[in-house]
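# Coordinates in review
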Amino acid sequence: MDLDSFLKEISEKYGYDAKLQTAIRLTIPLMLDRYQGREEDVFRLFREVPIFATSDMSRENRKRIEKEMTTGINEHIEEPEDVNLYGSTNDPGAYYAYDSIFDEDMNVVGERRWLVVRDIDDKRRDAYQQLFGTTINMPYFIHEINHAFAMQHPTYRKEGNRIFSKHGMYEWVQEYSKKEDGKVKLSSVSNEDVIVEEMLNENITQDMLVQLLGVTTRQEVDKKLQEIGHIPTNYKSTLLVLGIRLEEALGRADLDKWRIDSDLSVRERFSAISNASRVAKTYFPEEDAYKHFGNGAYEVFTLFRNCYMMDINDFGQQLMRTTCDALAPIFGYQEQMGTKTFDDYLELRKKVIGEEEVKDAEASK
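None of the values given here were measured: they were computed from a predicted structure. (Residues numbered from 1 in each chain as written. Predicted model: local features only at pLDDT ≥ 70, side-chain atom pairs only at ≥ 80, totals over all residues. Heavy atoms only, no water.)

Moving on, we get to the pattern of salt bridges. Throughout the structure, instances matching the rule amount to 25 salt bridges. Put simply, Asp122 and Arg124 hold a salt bridge, and the shortest N to O gap is 3.0 Å. With a relative accessible area of 13%, Arg124 lands in the buried category. Of the charged contacts in the structure, one is a salt bridge between Glu248 and Arg245, with a shortest N-O distance of 3.5 Å. Pair noted here: Glu248 and Arg245 are both in helix 9 (residues 237-250), with a separation of three residues, about one helical turn. (Salt bridge = Lys/Arg side-chain N within 4 Å of Asp/Glu carboxyl O. Buried < 20%, exposed > 50% of the residue type's maximum accessible area, 1.4 Å probe, protein only. Helix = DSSP H or I, 4+ residues; strand = E, 2+ residues; numbered from the N terminus.)

What follows is about helix 2 (residues 18-34). Across its 17 residues, helix 2 extends 25 Å between first and last C-alpha, which sits within 8% of the 24 Å expected from 1.5 Å per residue. Every buried residue of helix 2 is listed here: Leu20, Ala23, Ile24, Thr27, Ile28, Leu30, Met31 and Arg34. Buried positions along helix 2 lie against helix 1 (3-14), helix 3 (39-48), strand 1 (51-54), helix 6 (138-150), helix 7 (194-213) and helix 10 (252-259). (Expected span 1.5 Å × (residues − 1). Contact = heavy atoms within 4.5 Å.)

The next point concerns the packing of helix 14 (residues 312-337) against helix 15 (residues 342-353). Running from N to C, helix 14 and helix 15 point in directions that differ by 170°, and their axes come no closer than 10 Å. It follows that helix 14 is roughly antiparallel to helix 15 by the angle criterion. For the pair helix 14 and helix 15, contact is made by Met320, Arg321, Cys324, Asp325, Leu327, Ala328, Phe331 and Glu335 and by Phe342, Asp344, Tyr345, Leu348, Arg349, Val352 and Ile353, respectively. Of the residues belonging to the contact of helix 14 with helix 15, the class tally is ten nonpolar, no polar and five charged. (Axes fitted to C-alpha atoms, helices over the stretch in contact; angles between N-to-C directions. Parallel < 35°, antiparallel > 145°, perpendicular 65-115°, else oblique. Nonpolar A, V, L, I, M, F, W, Y, C, P; charged D, E, K, R; others polar.)

On to unusual backbone geometry. Of note in the backbone geometry, Asn74 takes a positive phi value of approximately 55° without being a glycine. With a phi close to 65°, Met106 is a non-glycine residue in the positive phi region. Position of Met106 among the secondary structure elements: in the loop between strand 2 (94-102) and strand 3 (108-118). With relative accessibility at 1%, the residue Met106 sits in the buried group.

Reading across from one edge, 4-5-6-7 is the order of the four strands in this open sheet, with antiparallel pairing throughout. If you trace the sheet from one side to the other, it starts and ends with strand 4 (155-159) and strand 7 (184-192), each paired once. Recorded for the sheet is a direction-independent mean angle of 20° between the axes of neighbouring strands. As paired strands, strand 5 (residues 162-167) and strand 6 (residues 170-178) are joined by six bridges and run antiparallel to one another. (Pairing = 2+ DSSP bridges.)

This part covers the pairing of strand 3. When strand 1 meets strand 3, the two strands line up parallel, connected through four bridges. The partner of Ile51 across the bridge, within strand 3, is Leu115. As paired strands, strand 2 and strand 3 are joined by nine bridges and run antiparallel to one another. Its bridge partner lying in strand 3, Ala94 is registered against Val117. Counting the residues between successive antiparallel strands, the hairpin from strand 2 to strand 3 contains five residues, one of them, Met106, with a positive phi of roughly 65°.

Evaluation of the coordinates by the stated rule reveals 13 aromatic pairs. Arranged with centres 4.9 Å apart and planes meeting at 75°, the rings of Phe6 and Phe43 form a pair that is edge-to-face. Here Phe43 lies in helix 3 and Phe6 lies in helix 1, a separation of 37 residues in the sequence. Judged by relative accessible area, which is 1%, Phe6 ranks as buried. You can call Phe43 buried: its relative accessible area is 6%. Their ring planes at 45° and their centres at 6.5 Å tell us that Tyr298 and Phe301 sit as a pair that is tilted. A residue pair is termed a helical-turn pair when its members lie 3 or 4 positions apart in one helix, as Tyr298 and Phe301 do in helix 13 (residues 289-306) at three residues. When its relative accessible area of 38% is taken as the criterion, Tyr298 is described as partly exposed. Among the aromatic residues, ring-to-ring pairing joins Trp258, Tyr290 and Phe293 into one connected group. Note that Arg157 overlies the ring of Phe164, its terminal NZ or CZ placed 4.3 Å from the centroid. (Phe/Tyr/Trp six-rings, centres within 6.5 Å; stacked < 30°, edge-to-face > 60°. Lys NZ or Arg CZ within 6 Å of the ring centre and 35° of its normal.)

Read across the sheet, three strands follow the order 1-3-2 without closing on themselves; strand pairing throughout is mixed. Bordering the open sheet on either side are strand 1 and strand 2, each of which pairs with just one other strand. Averaged over all pairs of adjacent strands, the angle between their axes in this sheet comes to 20°, without regard to strand direction.

Right, here's the structure in full:
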C-alpha cells in the first residue's frame, strides 16, 4: 500500500495535522517490519483508532476526550470508577484507551478505541523537532501504538454477572449489578499481568527506537533521549530482561500468538512444561509457572516504584532475589526443553544473591 495515499486517507478522516502525520509516517514502517505477516492489521489499526495529539494531558482534558469518544454508548451503565493500574498520579505522556460497548443484557458488542499523545510545547520542543522531525512525543507514541496493535483482537467471556476480558497480556475481571434506578453498576474485581504486557511492549518500543534513530544499541537510544530531556518510562532494564528471556524461551511467533491472537494454548503449554521441571519442584512447587512469573514481574516493578524510599543496599538485594525468583519459570521451561539445566539456574542464584542455598534433595528430583 502506498504510504502517502494512506496518510492522506486517514488524515482527511480524522483531521491530522502535519506533526501527527510525520509521527505516523515514521511509525508505520517500523510496525510493518516488526509484525511481518500482519500488515493488514497494521493499516486497519490506523484506520480504526483515532489519534489525538495535544499539549494538554491534564485529567480534565483526558476526560473531555473520553466523553467525545464514548457519547452515545453504554447509557444504561453508571459511569464506572477510574481504575489506576500503575499507582501513578502524574499526567501521562501518551496512552491508549478503549471502552467496551455493552448491550442491554451486558453482552460486549464492540469497542470504542482511541489514542492520545502529547505534542511537546515546553522548552524541549525544538530538541524533539530536531531529533524526530516532529514535536510529537515519539517514544511514548510508539509505545502506545504497539499496545493498540496487540489489543485490537480482544477476547470477552461472560459468566453469570462477571465479564472476563483479555487485551494483549492484560486480563481483567469486571462485575455488574442492576440498581434500583434501572442503571447497571460495573466494577472491577481483578486485573492481572498489566506489567507483563508493559515489559513486552516496551521491549518492542526500544527495538523500534534503535531502528528509528539509526543506532545499534539501546544505550545509544538512552543517550540521545537524555540529551533532549526526554522523561523515560518506569520500565527499567531489569524488568525488560524478563520480557526478553520469555521471548527467547518461547520464540517470537508463539509469544505473539499468545499476546495478539489470545492463543492460550501457548500459556498452558509453557506452564505445563515448566511445572514439570526440577526448578519448579524446588522453587515454586505449589504455584502455576506463568502465575509465578507474572507475580514476580509485578514485584520487580513495585520495587522500582518504591526504590526511592528504600535503603540502597536493601533495594539491591531485594531486586536481585525477586528477579531470580521471577526467572525461575523460564529456566524451568528451558530445563525441560534442553536449552538450560537446573545447575544453570542454581549458578545464577549463587551469583546474584551471593549465597549457597540448601534444598531438600527429594524436592528437587
